[in-house]
Amino acid sequence: MHIWHIFCTFAAEMENTRENIIQCASEKMRVAGIRSVSIDDICRDLGISKKTFYVYFETKDLLIDELLHRKEQVLYDDVVRQSKGKSIADLLIHSMQIAKSGQDVRQMPSLYYDLKKYYPKQFDAHLQRLEKRNQELLTRFLTRGKQENIFREDLDVELTSILLAKLHQNMLNKLTTAKDKNLVARVSKYGVDLIFRGLISEEGKRTINEMMN
């Protein structure tokens, strides 16, 4: 029993150290960018040796992989949470308001620039995982929208979800090289307008217009 207690304590301490490394790296990279933050910087902030760091992550690349997987999960959980209890019309109106305000532009992660330039393998894998998750969410979103008579009755859910997820992936890929932030706003607004005009039924448009007025 004593040995088991020691083992559990040791395992908890290891997990805490790993979590501290991830949190420290995440915060420093958010502020300074991925390339500017070294393993030495992280170890110095946490007061640990590089030998200790390598127990948890053999390379900086593996640490970045972990950070990206966590970011993807957070984004997915946020979408699910924000969608809970809301109609598709509510969600569409919210999307239009965000696009109009430019909020999505301000939230675009600057670390993507470094990620694509210096860690292209991690960046490409990240986009592929995002595309898969987006397709799953879009399938649920479009299916519900048809059931609520917001989207057109003849809408091909499977094909549309694939196309929209691919468009989103390509947009992220292109915008990480765009110097003009106005381009981000233009693409966002145009994308929402395209969905509104092309996918929503006449009944859906009336419903949304009544809710907005």
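Per chain, residues are indexed from 1 in the order of the written sequence. Reporting in this predicted model follows two pLDDT cut-offs: at least 70 for local features of residues, and 80 or more for side-chain atom pairs to be given and counted; totals over whole chains, interfaces and linings ignore these cut-offs and use all residues. To obtain the side-chain values, all non-hydrogen atoms of the structure were included, while hydrogens and water were left out.

*Asks:* So what exactly am I meant to see when it comes to the overall build of the protein chain here?
*Replies:* Strands here are runs of E lasting at least two residues and helices are runs of H or I lasting at least four, both read from the DSSP assignment and numbered beginning at the N terminus. Check the secondary structure of the protein chain and you find 11 helices and 0 strands. Its helices and strands in sequence order give the protein chain the pattern α-α-α-α-α-α-α-α-α-α-α, from N to C terminus. Relative to its 213 residues, the protein chain shows a buried fraction of 35%. Partitioning the intrachain contacts of the protein chain with sequence separation of at least 6 by distance along the chain shows that 73% fall at a separation of at least 24. Surface summary for the protein chain: the accessible area is close to 13600 Å², and the carbon and sulfur share equals 54%. Between buried and exposed lies partly exposed: a residue is buried under 20% and exposed over 50% of the maximum accessible area for its type, with that area taken using a 1.4 Å probe on protein chains only. Any two residues whose heavy atoms approach within 4.5 Å are treated as being in contact. Surface accessibility in these figures is a Shrake-Rupley result with a 1.4 Å probe; residues are shielded only by whichever protein chains are displayed.

*Asks:* Would you take a moment to explain the side chain of Asp114 for this structure?
*Replies:* Tracing the backbone shows Asp114 in helix α7 (residues 111-118). Asp and Glu count as negative and Lys and Arg as positive, but His and the ends of the chain are not part of the count. The term salt bridge refers to a pairing of a side-chain nitrogen on Lys or Arg with a carboxyl oxygen on Asp or Glu at a separation within 4 Å. Within the buried set, Asp114 has no salt-bridge partner at all; the shortest N-O distance to an opposite charge, 7.0 Å, is to Lys117. Not counting residues up to four positions away in its chain, the partners in contact with Asp114 are Gly33, Ile34, Arg35 and Tyr119.

*Asks:* Looking at this structure, I do not really get the side chain of His126. What am I missing?
*Replies:* Along the chain, His126 turns up in helix α8 (residues 120-147). With relative accessibility at 0%, the residue His126 sits in the buried group. His126 has contacts with Leu68, Glu72 and Tyr112, leaving out every residue within four places of it along the chain.

*Asks:* In this structure, what is going on with the nonpolar core? I would like to understand it.
*Replies:* Side chains of a nonpolar character, in soluble globular proteins, are inclined to be buried together. In terms of nonpolar packing, the biggest core is built from 24 residues, with Ile42, Phe53, Leu63 and Leu115 touching the most fellow members. The dominant element in this core, judged by the number of residues it contributes, is helix α1 (residues 2-32), at 5 residues. If near-sequence neighbours (up to four positions away) are discounted, Leu63 is found in contact with Ile21, Ile22, Ala25, Ile42, Phe53 and Phe57. In terms of nonpolar packing, the next biggest core, distinct from the first, is built from 19 residues, Ile93, Leu142, Ala165 and Val192 among them. By nonpolar core we mean a set of buried residues, namely Ala, Val, Leu, Ile, Met, Phe, Trp, Tyr and Cys, connected to one another through side-chain atoms within 4.5 Å.

*Asks:* Mind showing me how you'd approach the pattern of salt bridges here?
*Replies:* Side-chain pairs of opposite charge can arise where the charged atoms are in close proximity. Using the criterion set out here, one finds 13 salt bridges in the structure. Put simply, Arg129 and Glu72 hold a salt bridge, and the shortest N to O gap is 2.8 Å. One end of the pair, Arg129, is in helix α8; the other, Glu72, is in helix α4 (residues 60-83), with 57 residues separating them in the sequence. A salt bridge links Glu202 to Lys205; the shortest N-O distance between them is 3.7 Å. Here the residue Glu202 and the residue Lys205 both occupy positions in helix α11 (residues 202-212), the gap between them amounting to 3 residues, near one helical turn. Look at the salt bridges and you will find they share partners, linking Arg18, Glu19, Glu66 and Arg70 into a network.

*Asks:* Could you clarify how one ought to interpret the confidence of the model for the protein chain in this entry?
*Replies:* Caution applies to low-pLDDT parts of the model: their predicted coordinates are not meant to be read in detail. Confidence of the predictor at the level of single residues is given by pLDDT, which spans 0 to 100. Of the residues in the protein chain, 81% reach a pLDDT of 70 or more, and the chain-wide mean stands at 82. Model confidence for the protein chain, summarised as mean pLDDT per element, is weakest for helix α6 (residues 103-106) at 48 and strongest for helix α2 (residues 39-46) at 94. Contacts of residues 4-12 to residues separated by more than four positions or lying in other chains number 0 contacts, the stretch itself having pLDDT below 50.

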